[in-house]
Amino acid sequence: MAKPNLCQSCGMPMKVSSEFGTEKDGTPSEKYCHHCYQNGEWKHSDLTFDEFYALSLKKFQESDMNRVEKFFLNKMYTKKFLKKLERWR
């Protein structure tokens, strides 16, 4: 099984085309999810890194993940992890 692409802004796994953001010409972004990037522009571009981290963590926690997935998310989804992604380097 192929490893899913991770959004290089928030870290969300992207497995199907609807999860990928879009470039200005409408083509799917190869690096960013639809929550972070649409029509070649950042959503939430007015947020600082810390604000973006807090918003992303909250959205993941409110998602339809099961309890086990959320447990591991809370252990893995750290500022250190996010800073390793391309957008925040």
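Residues numbered from 1 in each chain as written. Predicted model: local features only at pLDDT ≥ 70, side-chain atom pairs only at ≥ 80, totals over all residues. Heavy atoms only, no water.

1. Notes on the packing of aromatic side chains
Applying the stated criterion across every chain yields a total of nine aromatic pairs. On the basis of an interplanar angle of 75° and a centroid distance of 5.2 Å, the ring pair of Phe49 and Trp88 is categorised as edge-to-face. Of this pair, Phe49 sits in helix α1 (residues 49–61) while Trp88 is found in the segment after α3 (79–83), placing the two residues 39 residues apart along the sequence. Their ring planes at 45° and their centres at 5.2 Å tell us that Phe52 and Trp88 sit as a pair that is tilted. With Phe52 in helix α1 and Trp88 in the segment after α3, this residue pair connects regions lying 36 residues apart in the sequence. Put simply, the rings of Tyr53, Phe60, Tyr77 and Phe81 pair up and form one aromatic cluster. Sitting over the face of the ring of Phe49, Lys83 holds its NZ or CZ atom 5.0 Å from the ring centroid. (Phe/Tyr/Trp six-rings, centres within 6.5 Å; stacked < 30°, edge-to-face > 60°. Helix = DSSP H or I, 4+ residues; strand = E, 2+ residues; numbered from the N terminus. Lys NZ or Arg CZ within 6 Å of the ring centre and 35° of its normal.)

2. Describing the packing of α1 against helix α2 (residues 67–76)
Axis separation between α1 and α2 bottoms out at 10 Å; the angle between their running directions is 165°. Taken together, α1 and α2 sit at an angle that is classed as roughly antiparallel. In the packing of α1 onto α2, the handedness of the crossing is left-handed. Packed against α1, whose contacting residues are Leu57, Phe60 and Gln61, the element α2 presents Lys70, Leu73 and Asn74 at the interface. Of the residues contributing to the contact of α1 with α2, the split by class is three nonpolar, two polar and one charged. (Axes fitted to C-alpha atoms, helices over the stretch in contact; angles between N-to-C directions. Parallel < 35°, antiparallel > 145°, perpendicular 65-115°, else oblique. Left-handed = near helix turned anticlockwise from the far one by under 90°. Contact = heavy atoms within 4.5 Å. Nonpolar A, V, L, I, M, F, W, Y, C, P; charged D, E, K, R; others polar.)

3. Considering the nonpolar core
Nonpolar side chains tend to gather and get buried jointly when the protein is soluble and globular. Formed by 19 residues in total, the largest nonpolar core has its most connected members in Cys7, Cys10, Met12, Cys33, Cys36, Tyr77 and Leu82. Going through the elements one at a time, β4 (28–33), α1 and α3 are the ones with two or more residues in this core. Here the element with the most residues in this core is α1; it accounts for five residues. The residues touching Leu82, leaving out its near neighbours within four places in the chain, are Ser9, Cys10, Phe49, Phe52, Tyr53, Tyr77 and Trp88. (Core = buried A, V, L, I, M, F, W, Y, C linked by side-chain atoms within 4.5 Å. Buried < 20%, exposed > 50% of the residue type's maximum accessible area, 1.4 Å probe, protein only.)

Nothing here speaks to function; it is all geometry.
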